[in-house]
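Topology and contacts: notes
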Amino acid sequence: FRARAVAEWGAVFPGVWRRLRTAGPRAVPLTLASCAGIGLLQLVQHAQGASDWVDRLGGVYATLPWWQALLRTPLSLFVPDPSLPVWGLLLQVVVVFGIAETTLGARRTLGVALLATVAGTGLARWCLWSGPHVLPSLTAQAVLVRDTGPSAAVVALGVYVACRCRAWWTAAVVAAAILTEVV
């Protein structure tokens, strides 16, 4: 098992550890800012009267005009789903964003994350537009669901970093897990 793990992740983790050891928290400013933003938005969306602001600024729904959804997309990346535990989301962001940021850099990490979020929103709109008879499809109730959070970004960054570092089994497992979740 150890030899397989070294073969799979040996190109990724030595560089990540070295960068974190030498620069400390300065090695991952995007990751730390993302976690702080998620924590702040989690607190605000559960405060009385303030949750409406989070929804107006970062809530993306399939019923919104496309231009409005695109304007809200950057903030929606950090708006947690109110029905899910925020600690799991923060753990995902710390691990995946942190690895991505130390291996790709902050700009590319943010670019891939935003592109994946826009692609996910576009796919959801296409699934609703195409109707229930075309795969993949979504139910009519999905129109009312808020499409926010870094889930698409986490998956895309995980697969991107795994492919870039030639960790093919990791990329396949992440892709298979997301496909299983969708099904």
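Structure's up top.
Residues numbered from 1 in each chain as written. Predicted model: local features only at pLDDT ≥ 70, side-chain atom pairs only at ≥ 80, totals over all residues. Heavy atoms only, no water.

Along the protein, the regular secondary structure elements total nine helices and zero strands. Secondary structure elements of the protein occur, N-terminal to C-terminal, as α-α-α-α-α-α-α-α-α. Relative to the globule expectation of 16 Å for 183 residues, the C-alpha radius of gyration of the protein, 18 Å, shows essentially globular dimensions. Here the C-alpha coordinates of the protein stretch approximately 50 × 40 × 25 Å along the principal axes. Long-range pairs, those at least 24 residues apart, make up 73% of the contacts in the protein between residues at least 6 apart in sequence. Taken together, the 14 basic and 7 acidic charged side chains of the protein have centroids lying 15 Å from each other. (Helix = DSSP H or I, 4+ residues; strand = E, 2+ residues; numbered from the N terminus. Rg over C-alpha atoms; globule rule 2.2 N^0.38 Å. Contact = heavy atoms within 4.5 Å. Lys, Arg positive; Asp, Glu negative; His and termini not counted. Charge placed at Lys NZ, Arg CZ, Asp CG, Glu CD.)

Size it by volume and the second largest pocket reaches roughly 180 Å³. Around the second largest pocket, the lining residues are Phe13, Val16, Trp17, Leu20, Val28, Thr31, Leu32, Val94, Val95, Gly98, Ile99 and Thr102. Per element, the largest residue contribution to the lining of the second largest pocket is five residues, and it comes from helix α6 (residues 86–104). Classifying every residue of the lining of the second largest pocket by side-chain character gives nine nonpolar, three polar and no charged. (1 Å grid on protein atoms, 1.4 Å probe; cavity = no way out; pocket = protein on both sides within 12 Å on 5 of 7 lines; lining within 4 Å. Points joined across faces, edges and corners; volume = space filled by probe spheres on them. Nonpolar A, V, L, I, M, F, W, Y, C, P; charged D, E, K, R; others polar.)

This paragraph deals with a nonpolar patch on the surface. On the surface, Leu123, Trp126, Trp129 and Val134 cluster together into a nonpolar patch covering about 450 Å² of accessible area. Looking at the element boundaries, Trp129 is found in helix α7 (residues 106–130). (Patch = residues over 30% accessible without salt bridge, like charges linked within 9 Å, V, L, I, M, F, W, Y side chains within 5 Å. Areas by Shrake-Rupley, 256 points an atom, 1.4 Å probe, with all protein chains shown as cover. Salt bridge = Lys/Arg side-chain N within 4 Å of Asp/Glu carboxyl O.)

In this section: the nonpolar core. Counting residues in each nonpolar core, the largest one holds 23 residues, and the members touching the most others are Phe97, Ala113, Leu157 and Val161. Looking at this core, the elements that each hand over two or more residues are α3 (29–45), α6, α7 and α8 (151–164). Top element by residues in this core is α6. It accounts for seven residues. Not counting chain neighbours up to four residues away, the residues in contact with Ala113 comprise Leu77, Phe97, Ala153 and Leu157. (Core = buried A, V, L, I, M, F, W, Y, C linked by side-chain atoms within 4.5 Å. Buried < 20%, exposed > 50% of the residue type's maximum accessible area, 1.4 Å probe, protein only.)

Before going further, it helps to spend a moment on the environment of Ala156. With respect to the helices and strands, Ala156 occurs in helix α8. Judged by relative accessible area, which is 23%, Ala156 ranks as partly exposed. Residues within four places of Ala156 in sequence aside, it is in contact with Val112 and Ala116.

Treat this as a map of the structure, not an account of what it does.
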